[in-house]
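Examining the three-dimensional arrangement
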Amino acid sequence: MLAHRGLVQDSRNNLQLRGLVVLLISKAAGPSSVNASCQNYDMVSGIYSCQRSLAEITELIHTALLVHRGIVNLSELQSSDGPLKDMHFGNKIAILSGDFLLANACNGLALLQNTKPERTSSSLEQIAIPPTNKPGLTHLAALKRLPSKSQARSFLQNSCELVVVELLASALRDLVQGVYHENSISAKEDSITNDIGISTWKEQTFLSHGALLAKSCQAAMELAKHDAEVQDMAFQYGKHMAMSHKINSDLQPFIKEKTSDSTTFNLNSAPVVLHQEILGRDLWIKQIGEAQEKGRLDYAKLREAIKAGKGVTSAIDLCRYHGNKALAALESFPPSEARSALENIVFAVTRFS
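Since this is a predicted model, take the numbers as computed values, not measurements.

1. Examining the overall build of the protein chain
Check the secondary structure of the protein chain and you find 14 helices and 4 strands. Here the contacts in the protein chain between residues at least 6 apart in sequence split such that 76% fall between residues at least 24 apart. Summed over its atoms, the accessible surface of the protein chain is roughly 19,200 Å², and 54% of this surface lies on carbon and sulfur atoms.

2. Re the environment of leucine 297
Note that leucine 297 resides in strand S4 (residues 296-297). The contact partners of leucine 297, leaving out residues within four places of it in the chain, are Leu267, Ile288, Ala291, Gln292 and Leu302.

3. Description of the packing of aromatic side chains
Considering all chains together, one arrives at 3 aromatic pairs under this definition. Ring centres of phenylalanine 265 and tyrosine 299 lie 5.2 Å apart, and the angle between their planes is 85 degrees; on these two criteria the pair is classed as edge-to-face. In this pair, phenylalanine 265 is assigned in the loop between helix H9 (228-255) and helix H10 (270-279) and tyrosine 299 in helix H12 (residues 299-308), connecting sequence segments 34 residues apart. Since its relative accessible area comes to 8%, phenylalanine 265 is described here as buried. You can call tyrosine 299 partly exposed: its relative accessible area is 23%.

4. Points about empty space enclosed by the protein
In this structure the tally under the stated criterion is 1 cavity of 30 Å³ or more. In this structure, the largest cavity encloses a volume near 40 Å³. Contributing to the lining of the largest cavity are Leu17, Arg18, Leu213, Met241, Ala242 and His245. For the lining of the largest cavity, the secondary structure elements donating two or more residues are helix H2 (17-29) and H9. Top element by residues in the lining of the largest cavity is H9. It accounts for 3 residues. Along the lines of polarity and charge, the residues of the lining of the largest cavity split into 4 nonpolar, 1 polar and 1 charged.

5. Here's the deal with the packing of H2 against H9
Where H2 meets H9, the closest approach of the two axes is 12 Å, and the angle between their N-to-C directions is 150 degrees. Classed by the angle they form, the pair H2 and H9 counts as roughly antiparallel. Along this stretch, H2 crosses H9, giving a crossing that reads as right-handed. Judged by residue contacts, Leu17, Val21 and Ile25 of H2 engage Ala234, Tyr237, Met241 and His245 from H9. Across the contact of H2 with H9, the residue classes tally to 6 nonpolar, 1 polar and no charged.

6. Overview of the pattern of salt bridges
Any two side chains of opposite charge can pair if their charged atoms end up close together. The full count for this structure, using the stated rule, is 4 salt bridges. Between aspartate 174 and lysine 215 there is a salt bridge, and its shortest N-O distance comes to 2.8 Å. Of this pair, aspartate 174 sits in helix H7 (residues 149-186) while lysine 215 sits in helix H8 (residues 198-223); the two residues are 41 residues apart in sequence, bridging distant segments of the chain. Across the salt bridge formed by glutamate 222 and lysine 225, the nearest N and O atoms sit 3.3 Å from each other.

7. Quick word on the confidence of the model for the protein chain
Interpretation of this model should avoid reading the predicted coordinates in detail wherever pLDDT is low. Per-chain confidence: the protein chain averages 78 in pLDDT, with 73% of residues scoring 70 or above. Note that residues 114-147 has pLDDT below 50 and, in this model, 24 contacts with residues that lie over four places away or in other chains. Of the regions scoring below 50 in pLDDT, residues 151-157 engages in 16 contacts with residues more than four places distant in sequence or in other chains.

8. What to know about unusual backbone geometry
Phi at serine 45 is positive, roughly 55 degrees, even though this residue is not glycine. Relative to the assigned elements, serine 45 resides in the loop between strand S1 (43-44) and strand S2 (47-48). One non-glycine residue with positive phi stands out, namely lysine 225, at about 60 degrees. Inspection of the secondary structure puts lysine 225 in the loop between H8 and H9.

Definitions and limits used
Residues numbered from 1 in each chain as written. Predicted model: local features only at pLDDT ≥ 70, side-chain atom pairs only at ≥ 80, totals over all residues. Heavy atoms only, no water. Helix = DSSP H or I, 4+ residues; strand = E, 2+ residues; numbered from the N terminus. Contact = heavy atoms within 4.5 Å. Areas by Shrake-Rupley, 256 points an atom, 1.4 Å probe, with all protein chains shown as cover. Phe/Tyr/Trp six-rings, centres within 6.5 Å; stacked < 30°, edge-to-face > 60°. Buried < 20%, exposed > 50% of the residue type's maximum accessible area, 1.4 Å probe, protein only. 1 Å grid on protein atoms, 1.4 Å probe; cavity = no way out; pocket = protein on both sides within 12 Å on 5 of 7 lines; lining within 4 Å. Points joined across faces, edges and corners; volume = space filled by probe spheres on them. Nonpolar A, V, L, I, M, F, W, Y, C, P; charged D, E, K, R; others polar. Axes fitted to C-alpha atoms, helices over the stretch in contact; angles between N-to-C directions. Parallel < 35°, antiparallel > 145°, perpendicular 65-115°, else oblique. Left-handed = near helix turned anticlockwise from the far one by under 90°. Salt bridge = Lys/Arg side-chain N within 4 Å of Asp/Glu carboxyl O. pLDDT = per-residue confidence, 0-100.

The structure is reproduced here in structure tokens:
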């Protein structure tokens, strides 16, 4: 597991942001003050053991996605990229490594959810319908057969974990759908001039980058049995923080002081999409044509054209908009060091010099 983790992080860049956010929002929310049905977990430093497991699962899923994203399109390789057989072998390792991490994440979910739907249904019947209609069974005897407090709490805990499994499963489905859509667009011949619009970009980006963190934050609240309002605020923080983080990442090729002329950037990134939308499709296609040299796109020339427009400043504004939405969601949580840390994460991705 340590070897696979080393594939996506080094001593200078720690990419385990999502697991950290899940832990921080769990600590910021604390235990539910009105519902103690799921509080028989061990708690350390204000975080339940099940919430720690959830953070690990979230990070495993994200790491698996990063590894799978590293798969190389062999048809686009050039002779300077190295031997084809080495790249082919690297692709196989990336696929197997990503699948291994996803398998561990699914195993973690299975361990987290320690009941079966049939058992849950049976437990529900025992709690809701005491068997008082049996011949010769007195009301007092029926009361004696009612589940104990520990049995009722176990049932509610299992129901809580089923909801968490469904949330993480839907997040994984969203990830696959989002990445598949990204790959299908990049595979098209007209992907350079494809006009998706910022609203469509937001929908696609939420699926591929925001759904996992948003639903993991919500699941952490569900494990502590917080009400729907707190769960929604956690979801909103995860969603908008992830969107802000993605836009900040998209902006880096356009705001870094030292950027190599050979540095490429995603033509479906937020600044480029906003630039297209503001400029208009016809002028954008014209700029693409002017940046073509010998059949290849000159990214340095196109970058300067985009920086001269309003796409970059609009992307910065959009990043700050999502950051402010994330901060607004945190206002429903009590002041604490954990909440301050979550706020600082937002400040870090929305501060531009």
